[in-house]
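Chain residues, written in single-letter form:
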Amino acid sequence: GQQVMQIPQYQHVQEGEDFTTYCNSSTTLSNIQWYKQRPGGHPVFLIQLVKSGEVKKQKRLTFQFGEAKKNSSLHITATQTTDVGTYFCAATLNSGNTPLVFGKGTRLSVIA
Amino acid sequence: EPEVTQTPSHQVTQMGQEVILRCVPISNHLYFYWYRQILGQKVEFLVSFYNNEISEKSEIFDDQFSVERPDGSNFTLKIRSTKLEDSAMYFCASSPLGTQPQHFGDGTRLSIL
């Protein structure tokens, strides 16, 4: 089936360091969404990107959608312990009502 | 803020038994979904439901699985004859429209013995 590749699988950082996770697809994506899942919790929606080259910011989080709409990234500046969790990208491959395809997620650990 | 609610939070069942997982989506949402997450792995799509019928389903969603909206509020996932490999966290989600962000419930942890 269609795949959304996400790297890295794990990232351990010192508090205050930056963090980036990347998603790639061989297929042009209709849109991409990012979710955060805290340990033992459920995925929580963060952002949706729709336009080619789109960049959105939420405080210390910066989300980008590639020009070709085949890749996306989430960057966290100056991580805090509250950023701990697994970050998933999830893409819609076609327009309309098609299911989200999740990446495998990047598990972020922040060492105080 | 409205939430998706799921019951039970944890279900323990003997292999071969039937289980029904329940979800109450957000009231004005039109699209409903079930996902599965095996411990430590990614979230896997099972099925989407719109206008009282299945709109998409994955390869995982075989004949042992079924979904139902028995009334105006509940959305259920039934596994007819559970297998050990069905042990996972099952998340229900809903969205206003098919391409909009999905709101997830807290999940039901299904343990098959």
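Fair warning: this is a prediction, and the values are worked out from it, not measured in the lab.

A.B. asks: Describe the overall build of chain A, and please don't skip the residues or the numbers.
C.D. replies: Check the secondary structure of chain A and you find zero helices and 11 strands. Along the chain direction, N to C, the helices and strands of chain A fall in the order β-β-β-β-β-β-β-β-β-β-β. Principal-axis analysis of the C-alpha atoms places the extent of chain A at approximately 40 × 25 × 20 Å. Taking the intrachain contacts of chain A between residues at least 6 apart in sequence as the baseline, contacts between residues at least 24 apart amount to 55%. Put simply, chain A shows about 5,400 Å² of open surface, and 51% of that area lies on carbon and sulfur atoms.

A.B. asks: Kindly report on the state of the cysteines, identifying the contributing residues and their values.
C.D. replies: All names here are of chain A. Scanning the entire structure with this criterion turns up two disulfides over all chains. The disulfide bridge from Cys-23 ends at Cys-89, spanning 1.7 Å between sulfur atoms. Note on the Cys-23 and Cys-89 pair: the S-S dihedral is about -85 degrees, so by sign convention the disulfide is left-handed. Here the residue Cys-23 occupies a position in strand β3 (residues 19–24), and Cys-89 occupies one in strand β9 (residues 85–92), the gap between them amounting to 66 residues. Accessibility expressed as a relative area gives 0% for Cys-89, which makes it buried.

So, how was this worked out
Residues numbered from 1 in each chain as written. Chains lettered and ligands numbered in written order. Predicted model: local features only at pLDDT ≥ 70, side-chain atom pairs only at ≥ 80, totals over all residues. Heavy atoms only, no water. Helix = DSSP H or I, 4+ residues; strand = E, 2+ residues; numbered from the N terminus. Contact = heavy atoms within 4.5 Å. Areas by Shrake-Rupley, 256 points an atom, 1.4 Å probe, with all protein chains shown as cover. Disulfide = S-S within 2.5 Å. Buried < 20%, exposed > 50% of the residue type's maximum accessible area, 1.4 Å probe, protein only.

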